[in-house]
Amino acid sequence: MNIVLLGAPGAGKGTQAAKLVEEFGVAHISTGDILRAAVKAGTPLGLQAKSYMDAGELVPDEVVIGLVKDRLTKDDAQKGFILDGFPRTTVQAVALDAELSAMGKDLDAAVAVEVDPEAIVARLTSRRMCRVCGFIGSKANEVCPKCGGEMYQRADDNETTVRNRLDVYAKATAPLIDYYRGCNLLVEIDGAQAVDDVYADVKKALNL
Ligand code: AMP
């Protein structure tokens, strides 16, 4: 299973990726998670990425393409992978195609999770994450319902940055819907439904 998850920030890509990874044991490759870990660790990559991320802008293509190429060579990705938050530009999509074909691999599908932008603003400004296990919840979760860990709000989940991330999505990333439609890989899912209903639709669309 080699899948790209498309959709605006807050559409539910991370939640759906976590469910697929849990059920099918494939690798979860989230460029946002990799970059946030680098920022937290204060590595050169993190120092380079931080100002873009804080502003809700995209980290330069060559940086994220390098990250993903490296991640795709790891053992756990050989069984299959879910790319979450990558590609986000046409340059990244073309680079991914080239890298996969050099590795003798194909994408099975590009799953677009669709949610109305105003609903996303409300979702993201109340989103909370678990510091320990990464569970994605909301401000109703005072502690993580999965592991009891501390919940926190991402630095870029404030309204101004969320609106900028949605603009960046519309300009840079939404064109990938047509790109993958043109490759006959596009699957569109209604992401406004309850999490388990979205997941049922994702599995049905992927014949899983
Ligand atoms: P996410 O967790 O996917 O919402 O990503 C958080 C932030 O990380 C984004 O707003 C970007 O600043 C950066 N980022 C993540 N993935 C990419 C990507 N594929 N290309 C460029 N920037 C990215």
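Here, the structure is the one placed above.
Given the structure is predicted, the values throughout are model-derived calculations rather than measurements. (Residues numbered from 1 in each chain as written. Predicted model: local features only at pLDDT ≥ 70, side-chain atom pairs only at ≥ 80, totals over all residues. Heavy atoms only, no water.)

Chemist: Talk me through helix 1 (residues 13–24); I want residue IDs and the actual numbers.
Modeler: With 12 residues, helix 1 ought to run about 16 Å at 1.5 Å a step, and its terminal C-alpha atoms sit 16 Å apart, in line with that. Among the residues of helix 1, Lys 13, Gly 14, Gln 16, Ala 17 and Leu 20 are the ones counted as buried. The buried residues of helix 1 occupy an angular sector of 160° when the element is viewed end-on, so they sit on one face. In this fold, the buried residues of helix 1 make contact with strand 1 (2–6), strand 2 (27–30), strand 3 (81–84), strand 6 (136–138) and helix 9 (195–205). With its phi angle positive at about 65°, Gly 25 sits one or two positions after the end of helix 1. (Helix = DSSP H or I, 4+ residues; strand = E, 2+ residues; numbered from the N terminus. Expected span 1.5 Å × (residues − 1). Buried < 20%, exposed > 50% of the residue type's maximum accessible area, 1.4 Å probe, protein only. Arc of directions from axis to C-beta. Contact = heavy atoms within 4.5 Å.)

Chemist: How would you summarise the side chain of Lys 105 if you had to cite specific residues and measurements?
Modeler: Its place among the elements puts Lys 105 in the loop between helix 5 (90–102) and strand 4 (109–114). Side-chain polar atoms of Lys 105 contact the side chain of Gln 78, separated by 2.7 Å. Apart from residues no more than four positions distant in its own chain, Lys 105 is found in contact with Asn 2, Ala 77, Gln 78 and Leu 100. (Polar contact = N/O pair within 3.5 Å; in protein donor to acceptor, adjacent residues only side chain to side chain.)

Chemist: How would you sum up the site of the ligand? Please name residues and give values.
Modeler: Taken together, 16 residues lie near the ligand, and Thr 31, Arg 36, Glu 57, Gly 85 and Gln 92 sit nearest. Here Gln 92 contributes a side-chain N or O atom positioned 2.9 Å from a nitrogen atom of the ligand. Expressed as a share of its isolated accessible area of 480 Å², the protein-covered part of the ligand is 96%. At four residues, the largest contribution of residues to the shell around the ligand is made by helix 2 (residues 31–41). (Near = heavy atom within 4 Å. Areas by Shrake-Rupley, 256 points an atom, 1.4 Å probe, with all protein chains shown as cover.)

Chemist: Pulling in residues and values, what's your account of the packing of aromatic side chains?
Modeler: Ring pairs (aromatic) are described by centroid distance and by the angle formed between their planes. Inspection of every chain in the model, using the stated rule, returns one aromatic pair. Geometrically, the ring pair formed by Tyr 179 and Tyr 180 is edge-to-face, given 5.1 Å between the ring centres and 90° between the ring planes. Geometry around Tyr 199 places Lys 19 over its ring, the cationic atom sitting 5.3 Å from the centre. (Phe/Tyr/Trp six-rings, centres within 6.5 Å; stacked < 30°, edge-to-face > 60°. Lys NZ or Arg CZ within 6 Å of the ring centre and 35° of its normal.)

Chemist: Please set out unusual backbone geometry residue by residue, giving values where relevant.
Modeler: For the bond running from Phe 86 to Pro 87, omega is 0°, close enough to zero to count as cis. Even without being a glycine, Asn 184 presents a positive backbone phi close to 60°. We classify Asn 184 as exposed; its relative accessible area is 73%. Backbone geometry at Asn 207 places phi at a positive 55°, although glycine is not the residue there. Looking at the element boundaries, Asn 207 is found in the segment after helix 9.

Chemist: So what's going on with the nonpolar core? Which residues, and what values?
Modeler: Counting residues in each nonpolar core, the largest one holds 53 residues, and the members touching the most others are Leu 6, Leu 96 and Tyr 180. Residue contributions to this core peak at six residues, all from helix 4 (residues 61–72). (Core = buried A, V, L, I, M, F, W, Y, C linked by side-chain atoms within 4.5 Å.)

Chemist: Hey, could you go over the sheet that holds strand 6 for me, with residue numbers and the actual values?
Modeler: Pairing within the open sheet is antiparallel, and its three strands lie in the order 6-5-7. Strand pairing shows two members of the sheet lacking a second neighbour, strand 6 and strand 7 (151–152), which therefore form its edges. Note that strand 5 (residues 127–130) and strand 7 share two bridges and pair antiparallel. Pairing of Cys 130 across the sheet is with Met 151, part of strand 7. (Pairing = 2+ DSSP bridges.)

Chemist: Give a detailed account of the pattern of salt bridges, specifying residues and quantitative values.
Modeler: Evaluation of the coordinates by the stated rule reveals 17 salt bridges. Among the salt bridges present, the one from Glu 150 reaches Arg 131, with a minimum N-O distance of 3.4 Å. Of this pair, Glu 150 sits in the loop between strand 6 and strand 7 while Arg 131 sits in the loop between strand 5 and strand 6, and the two are 19 residues apart along the sequence. By relative accessible area, Glu 150 is classed as partly exposed at 49%. Through salt bridges with shared partners, one network takes in Arg 127, Arg 154, Asp 156, Asp 157 and Arg 165. (Salt bridge = Lys/Arg side-chain N within 4 Å of Asp/Glu carboxyl O.)

Chemist: Just give me the short version of the side chain of Asp 156, but keep the residues and values in it.
Modeler: In this structure, Asp 156 sits in the loop between strand 7 and helix 7 (159–173). Only 2.9 Å separates the side chain of Asp 156 from the side chain of Arg 154, close enough to count as a polar contact. When neighbours within four sequence positions are excluded, Asp 156 is seen to be in contact with Met 53, Thr 161, Val 162 and Arg 165.

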